[in-house]
Amino acid sequence: MTVNRRGALGAALATTLAASLPLHAFAQGAGGNWPSKPIRLIVPYPPGGSSDIIARAIGQPLSEALGQPVVIENRAGANGNLGADMLAKAPGDGHTLMLCDLGALAISPSLYPKLPFDPTKDLRSVAMLAYSPHLLVVHPSVQANTLKELVELSKKSDLNFAVTASGSTAHLAGVELQRKSGAKWEYVPYKGGVQAVLDTVAGQTQVLMNGMLATYPHVQSGKLKLIAVSKSTRMPLIGNVPTIAEQGVPGYESGTWQGVVAARGTPDAVIARLNKELVRIIRTPDIRARLAGQGAEVVTMTAPEQDQFFAKERARWAQVIQQANLKLD
């Protein structure tokens, strides 16, 4: 094979020049003068939940980094699928993003036979930001302090399990826990984690699994009693609280994984710039400390790593759904 020397030199020069250019120069070349207008950050859940808390923590720093306002838009409904469908139908120009529980998004393809979008084809990974384990909590009046006691109580008393949203990660985590522990409870679905938490605080439901970020403040105030944490190892913030795995369900782990996705067609250079800025922002000492104080860990991933995570979660929850014979319209 022969190589044109002038062409080879030109290619080498282009590669060197490209490496020296800032990411925003690539973004302008690939996606126009990006960003050229405000960034719309969809949170597909009601205000006050884990995704909403993180979105509001990163909104202003991201705005400062990109030189455009970041407008946070709560679009709750259908376990996040309403907001995801809006993103899927948005232009792939990098001006519309979504921050959500990626685990819940991985559940949707197996749970909803008429899903109006395909997460693997219509959405693009941008960046993973944080992980918050589920807390298994009960109303203080519930006469159980351990998972074993709660399982035994559930077999002789009527217990209602608050579901943050039908088909959510917390819902499926409860289904998996029920199957593996032998617990018996009735599921009461809500349209978001905030109302599920408030009704459990009020005693209208007795059992709840929800992200630590949104639930732990109610444990601290004594309005909810903490039974177990769903992380594979104990959390430093609550080191005296045993995990679900330690309490008779080996290997059990669940939680909410907050990440950002974009619409299909968003240029690679825009994805790269967003990943760089988002990872930098979430790792800043102030935000990291703020999240850690509420039980969330900063866990970052590149877009390809997030794709791998998504595929793994999709396979895991598809098996749980099949075993439980669950389907939602």
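Residues numbered from 1 in each chain as written. Predicted model: local features only at pLDDT ≥ 70, side-chain atom pairs only at ≥ 80, totals over all residues. Heavy atoms only, no water.

Enquirer: It is not clear to me how the overall build of the protein should be interpreted in this structure. Could you clarify?
Expert: If you tally the helices and strands in the protein, you get 13 helices and 10 strands. Out of the 329 residues belonging to the protein, those deemed buried represent 52%. Counting contacts in the protein only where the partners sit at least 6 residues apart, residues at least 24 apart contribute 78% of the total. Entry remark: accessible area of the protein is about 14600 Å², with carbon and sulfur atoms responsible for 53%. (Helix = DSSP H or I, 4+ residues; strand = E, 2+ residues; numbered from the N terminus. Buried < 20%, exposed > 50% of the residue type's maximum accessible area, 1.4 Å probe, protein only. Contact = heavy atoms within 4.5 Å. Areas by Shrake-Rupley, 256 points an atom, 1.4 Å probe, with all protein chains shown as cover.)

Enquirer: Help me out: how do you make sense of the side chain of Glu277 in this one?
Expert: Mapped onto the elements, Glu277 comes out in helix H11 (residues 268-282). Of note is the side chain of Glu277, whose polar atom sits 3.0 Å from the side chain of Arg280. Not counting the four nearest positions on each side in its chain, Glu277 is found in contact with Leu62, Ala65 and Leu66. (Polar contact = N/O pair within 3.5 Å; in protein donor to acceptor, adjacent residues only side chain to side chain.)

Enquirer: Explain helix H9 (residues 193-201) to me, please; I cannot follow it from the model alone.
Expert: Note: α-helices contain 3.6 residues per turn, so residues at a spacing of three or four share the same orientation. Buried within H9 are the following residues: Ala196, Val197, Asp199 and Thr200. Relative to the axis of H9, the buried residues are bounded by an arc of 165° and lie together on one face. Buried residues along H9 sit against strand E5 (160-163), strand E7 (207-211) and helix H10 (212-220). Positive backbone phi, at 85°, marks Gly203, one or two positions downstream of H9. (Arc of directions from axis to C-beta.)

Enquirer: Could you clarify how one ought to interpret unusual backbone geometry in this entry?
Expert: Trans peptide bonds make up most of the peptide bonds, and negative phi angles are found at most residues other than glycine. Residue Pro35 follows Trp34 across a cis peptide bond; omega there is -10°. Position of Pro35 among the secondary structure elements: in the loop between helix H2 (23-31) and strand E1 (39-43). For Ala78, which is not a glycine, the phi torsion comes out positive at approximately 55°. Positionally, Ala78 belongs in the loop between strand E2 (70-74) and helix H4 (81-88). Its relative accessible area of 48% is what places Ala78 among the partly exposed residues. With a phi angle near 55°, Asn325 is a residue other than glycine that sits in the positive phi range. Assignment of secondary structure puts Asn325 in the segment after helix H13 (303-324). Judged by relative accessible area, which is 68%, Asn325 ranks as exposed.

Enquirer: Looking at this structure, how should I read the layout of surface pockets?
Expert: Space left empty within the atom packing is revealed by a probe, the size of a water molecule, rolled over the atoms. Taken as a whole, the largest pocket spans an internal volume of roughly 200 Å³. Contributing to the lining of the largest pocket are Tyr131, Thr169, Glu253, Ser254, Gly255, Trp257, Phe309, Lys312, Glu313, Arg316 and Trp317. Per-element accounting of the lining of the largest pocket gives the leading share, five residues, to H13. Residues of the lining of the largest pocket, tallied by class, amount to four nonpolar, three polar and four charged. For the second largest pocket, the lining is made up of 13 residues, of which Pro119, Thr120, Ser125, Asp307 and Phe310 are closest to its centre. Counting residues per element, the ones that place at least two in the lining of the second largest pocket are helix H5 (102-111), helix H6 (119-122), strand E4 (123-138) and H13. (1 Å grid on protein atoms, 1.4 Å probe; cavity = no way out; pocket = protein on both sides within 12 Å on 5 of 7 lines; lining within 4 Å. Points joined across faces, edges and corners; volume = space filled by probe spheres on them. Nonpolar A, V, L, I, M, F, W, Y, C, P; charged D, E, K, R; others polar.)

Enquirer: Before we go on, may I ask you to explain the environment of Leu208 in this structure?
Expert: In this fold, Leu208 is placed in strand E7. Here Leu208 falls in the buried class, since its relative accessible area comes to 0%. Setting aside anything within four residues of it in sequence, one finds Leu208 in contact with Leu135, Leu136, Val137, Phe161, Ala162, Thr164, Ala196, Val197, Thr200 and Thr215.

Enquirer: Honestly, the packing of aromatic side chains in this entry has me stumped. Any pointers?
Expert: Aromatic rings in a pair are described by how distant their centres are and how their planes are angled relative to each other. Using the criterion set out here, one finds four aromatic pairs in the structure. Ring plane angle 40° and centroid distance 4.5 Å describe the contact between Tyr131 and Trp257, whose orientation is recorded as tilted. Residue Tyr131 is found in strand E4, and its partner Trp257 is found in strand E9 (residues 255-263); the two are separated by 126 residues along the sequence. Residue classification places Tyr131 among the buried positions, given a relative accessible area of 3%. When the centroid spacing of 5.1 Å and the interplanar angle of 40° are considered together, the rings of Phe161 and Trp185 count as tilted. Here Phe161, found in strand E5, pairs with Trp185, found in the loop between helix H8 (169-181) and strand E6 (186-189); they are 24 residues apart in sequence, far enough to count as distant. Judged by its relative accessible area of 0%, Phe161 is buried. Each member of the aromatic cluster is reached from another via a ring pair, and the members are Tyr131, Trp257 and Phe309. Taking NZ or CZ as reference, Arg316 lies 4.0 Å from the ring centre of Trp317, over its face. (Phe/Tyr/Trp six-rings, centres within 6.5 Å; stacked < 30°, edge-to-face > 60°. Lys NZ or Arg CZ within 6 Å of the ring centre and 35° of its normal.)

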